[in-house]
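Spelled out, the chains give:
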Amino acid sequence: MNTKKPILLAVALLVYILSMAQEMLPEKEAINKLQQDIPVLLKKSDVPGLSIALIRNGKLVWTGAFGIKDARNNKPVNTNTVFEAASLSKPVFAYAVLKLVDEGRLNLDSPLNKYLGNNYDIVNDDRINLITARLVLSHTTGFPNWRNEKNLPILFEPGSKFSYSGEGMVYLSRVAEKITGLSFETFMQRYVLQPLGMTASSYIWRNRYDSLKAFRHNVLGNWAGRNQPEDGKEDSTQDHGNAAASLQTTAGDYAKFVIALINGTGLQPLTWKQMLQPQVRTNIKYPTLAWGLGIGLETPPNGNYCWHWGDNGDAKAFICAFLPGKNAVIYFADGYNGLSFTKEILDDAIGGEHPSLADLGYDHYDSPNKLLIKSAADKGAVIALEEYRQALKSRGDTASEETINSLGYLLTRMKKPADALIIFKENTKLFPHSWNTWDSLAEACMNNGDKQQAIEYYEKSLLLNPQNNHAAEQLKKLKENR
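Please read all numbers here as calculations on a predicted model, not as lab measurements. (Residues numbered from 1 in each chain as written. Predicted model: local features only at pLDDT ≥ 70, side-chain atom pairs only at ≥ 80, totals over all residues. Heavy atoms only, no water.)

Thoughts on the overall build of the protein chain
Of the regular secondary structure elements, the protein chain holds 19 helices and 11 strands. The principal-axis extent of the C-alpha atoms belonging to the protein chain is close to 75 × 60 × 55 Å. Excluding contacts between residues fewer than 6 apart, the proportion of contacts in the protein chain whose partners are at least 24 apart in sequence is 60%. Carbon and sulfur atoms provide 52% of the accessible area of the protein chain, an area that totals close to 21,800 Å². For the protein chain, the distance from the average site of its 53 positive side-chain charges to the average site of its 51 negative ones is 2 Å. (Helix = DSSP H or I, 4+ residues; strand = E, 2+ residues; numbered from the N terminus. Contact = heavy atoms within 4.5 Å. Areas by Shrake-Rupley, 256 points an atom, 1.4 Å probe, with all protein chains shown as cover. Lys, Arg positive; Asp, Glu negative; His and termini not counted. Charge placed at Lys NZ, Arg CZ, Asp CG, Glu CD.)

Written out as structure tokens, the structure reads:
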């Protein structure tokens, strides 16, 4: 028997693990690097402000505040500035649900409609009987991310594959309210926010946010308002909290949750283990990516990372933690481009390779897609598109349908209809088989008063996608008013 081979393999594995660990900068060096790099990244990406927290060995070691929270008056971000957690709301909610499991009030694998006493918003689909808390938390329910109509459809067999869904979280929150008899905000306060001392955090609007909360800023870094009640008043009714997206918090406050998450505080060991254990693989292209219970996972040989991103349009957020070392970083950004420099933040803060970033697919701040937007706003659509084509060719990149479409609407909002029309037309040339590009072009023509062209393009969109209700409705209106 060759006893040397297992020893050599073990040594090789140890060397690999150590080499991966060495990618993480020492604490002071990491903080210094973040302090140097973040202002530069914000400027290059047109993101006005950011708040960040660094965790090492399961403890908060630093919080930083950079830039401004309101481009209208240049008010600075500080460590008390409140940001939108967006989808970082989901892991906190998942943690609360798992506490219900520990209390014996919820079984992860029992049908949720048995707790709720009805089939929620699912009509004439017996597959609702298959949907459990485990499936919701691992995003395998079959629900869409968000519904387009009153009834909630089930798009595929529950449990058969991963498909990210905010609707699932909202459904599960209704079950939590039913089980506890509490409004959603009260449930979250009692089960997570108060026990962890997250005093700055809430799933509903608080009056103190008037002065504390950052505003949103668009792709060009311009002020874009913020989400709050229309009357500007605090409202504690259960309808105003969203388990999937409405948490408002600070970097320091959210760090308290992350510390509890990576230390297993507040959960029974078996429950905590399940939360951070792969329940489903998310993308065959990236085999180390998985989803736990309410949190994303990266599973390389040197030890798992947990992660999640937040995207409320003009507000972004990200969290990533290396579980063996209990090292983590959390940041919140008040601009549309806030996820265009995540790699640089992770490189400085915790190191490691992160296929989750490639899977998410956000454009880097200096990508041709991002530069197209800035160029179009500054130089007009014709020059911008020519520069864009050259940049794509020289870098070997591909055009982004979503980016070009978003640019068309941005130019529309900037009251540049001629440039917007050029951009929408270009998108139909690049993506002629996309019903959405033709739908957007039709809308632009309609807004420009060209009804005949709008009809032609809506019909083209409807031909490509007979389920495009928007095109059908617009066609009906246009033909009635001819």
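Topic: the confidence of the model for the protein chain
Averaged over every residue, the pLDDT of the protein chain is 93; residues scoring 70 or more account for 93%. Across residues 3-22, where pLDDT falls below 50, the model places five contacts with residues more than four positions away in sequence or in other chains. (pLDDT = per-residue confidence, 0-100.)

With respect to the environment of leucine 289
Along the chain, the position of leucine 289 falls in strand 7 (residues 289-291). Take leucine 289: its relative accessible area is 1%, and that puts it in the buried class. Between the C-alpha atoms of leucine 289 and arginine 72, which are 217 residues apart in sequence, the distance is 41 Å. Once you skip the residues sitting within four places of it in the chain, leucine 289 turns out to touch Arg281, Thr282, Leu297, Glu298, Pro355, Ser356 and Asp359. (Buried < 20%, exposed > 50% of the residue type's maximum accessible area, 1.4 Å probe, protein only.)

Some thoughts on the packing of helix 15 (residues 401-413) against helix 16 (residues 417-430)
Their axes nearest at 8 Å, the elements helix 15 and helix 16 cross at an angle of 165°. As judged from the angle between their axes, helix 15 and helix 16 are roughly antiparallel. The element helix 15 and its partner helix 16 pack so that their crossing is left-handed. On helix 16, the residues that touch Glu401, Ile404, Asn405, Leu407, Gly408, Tyr409, Leu411 and Thr412 of helix 15 are Asp419, Ala420, Ile423, Phe424, Asn427 and Leu430. Here the contact of helix 15 with helix 16 is built from residues that sort into eight nonpolar, four polar and two charged. (Axes fitted to C-alpha atoms, helices over the stretch in contact; angles between N-to-C directions. Parallel < 35°, antiparallel > 145°, perpendicular 65-115°, else oblique. Left-handed = near helix turned anticlockwise from the far one by under 90°. Nonpolar A, V, L, I, M, F, W, Y, C, P; charged D, E, K, R; others polar.)

Considering the sheet that holds strand 9 (residues 305-311)
Hydrogen bonds between backbone atoms are what pair the strands of a sheet, whose relative direction is either parallel or antiparallel. One open sheet holds the nine strands; their spatial order is 3-2-1-11-10-9-8-7-6, and the pairing between them is antiparallel. This sheet does not close on itself; its edge strands, each paired only once, are strand 3 (75-76) and strand 6 (280-281). Of the pairings in the sheet, the one linking strand 7 to strand 8 (residues 296-298) comprises three bridges and is antiparallel in character. Within the sheet, the bridge partner assigned to alanine 290 lies in strand 8 and is leucine 297. Sheet strands in contact with helix 9 (residues 251-263) are strand 1 (49-56), strand 2 (59-70), strand 9, strand 10 (316-322) and strand 11 (327-333), and its direction is about 30° off that of strand 1. (Pairing = 2+ DSSP bridges.)

Here we look at the pairing of strand 2
Pairing of strand 1 with strand 2, which is carried by eight bridges, proceeds in the antiparallel orientation. Residue pairing across strands places leucine 54 opposite tryptophan 62, the latter belonging to strand 2. Connecting strand 1 to the next strand, strand 2, in antiparallel fashion are two residues, including asparagine 57 with a positive phi near 55°. Sheet topology places strand 2 next to strand 3; two bridges connect them, and they run antiparallel. Within the sheet, the bridge partner assigned to aspartate 70 lies in strand 3 and is lysine 75.

Some remarks on unusual backbone geometry
The backbone of asparagine 74 sits at a positive phi, close to 60°, despite the residue not being glycine. Relative to the helices and strands, asparagine 74 resides in the loop between strand 2 and strand 3. Positive phi values are uncommon outside glycine, yet lysine 415 reaches one of about 60°. Assignment of secondary structure puts lysine 415 in the loop between helix 15 and helix 16. Given a relative accessible area of 73%, lysine 415 falls into the exposed group.

Remarks on the packing of aromatic side chains
If you walk through the whole model with that rule in mind, you get 22 aromatic pairs. Ring centres of tryptophan 62 and phenylalanine 66 lie 6.3 Å apart, and the angle between their planes is 65°; on these two criteria the pair is classed as edge-to-face. One aromatic cluster in this structure is built from Phe162, Tyr164, Trp291, Trp307, Trp309 and Phe318. Geometry around phenylalanine 215 places arginine 72 over its ring, the cationic atom sitting 4.8 Å from the centre. Positioned above the aromatic ring of tyrosine 336 is the side chain of lysine 316, whose terminal nitrogen or guanidinium carbon lies 4.2 Å from the ring centre. (Phe/Tyr/Trp six-rings, centres within 6.5 Å; stacked < 30°, edge-to-face > 60°. Lys NZ or Arg CZ within 6 Å of the ring centre and 35° of its normal.)

Looking at the side chain of serine 246
Tracing the backbone through its elements, the reader meets serine 246 in the loop between helix 8 (209-212) and strand 5 (248-249). From its side chain, serine 246 meets the backbone oxygen of tyrosine 203 in a polar contact 2.8 Å long. (Polar contact = N/O pair within 3.5 Å; in protein donor to acceptor, adjacent residues only side chain to side chain.)

Considering the nonpolar core
The nonpolar side chains of a soluble globular protein tend to be buried with one another. In this structure, Phe93 and Phe187 are the most contacted members of the largest nonpolar core, which totals 72 residues. Setting aside chain neighbours within four positions, we find phenylalanine 93 in contact with Met169, Leu172, Ser173, Phe184, Phe187, Met188, Tyr203 and Ala243. Grouped together as the second largest cluster of nonpolar side chains are 33 residues, Leu25, Leu50, Trp62 and Trp291 included. (Core = buried A, V, L, I, M, F, W, Y, C linked by side-chain atoms within 4.5 Å.)

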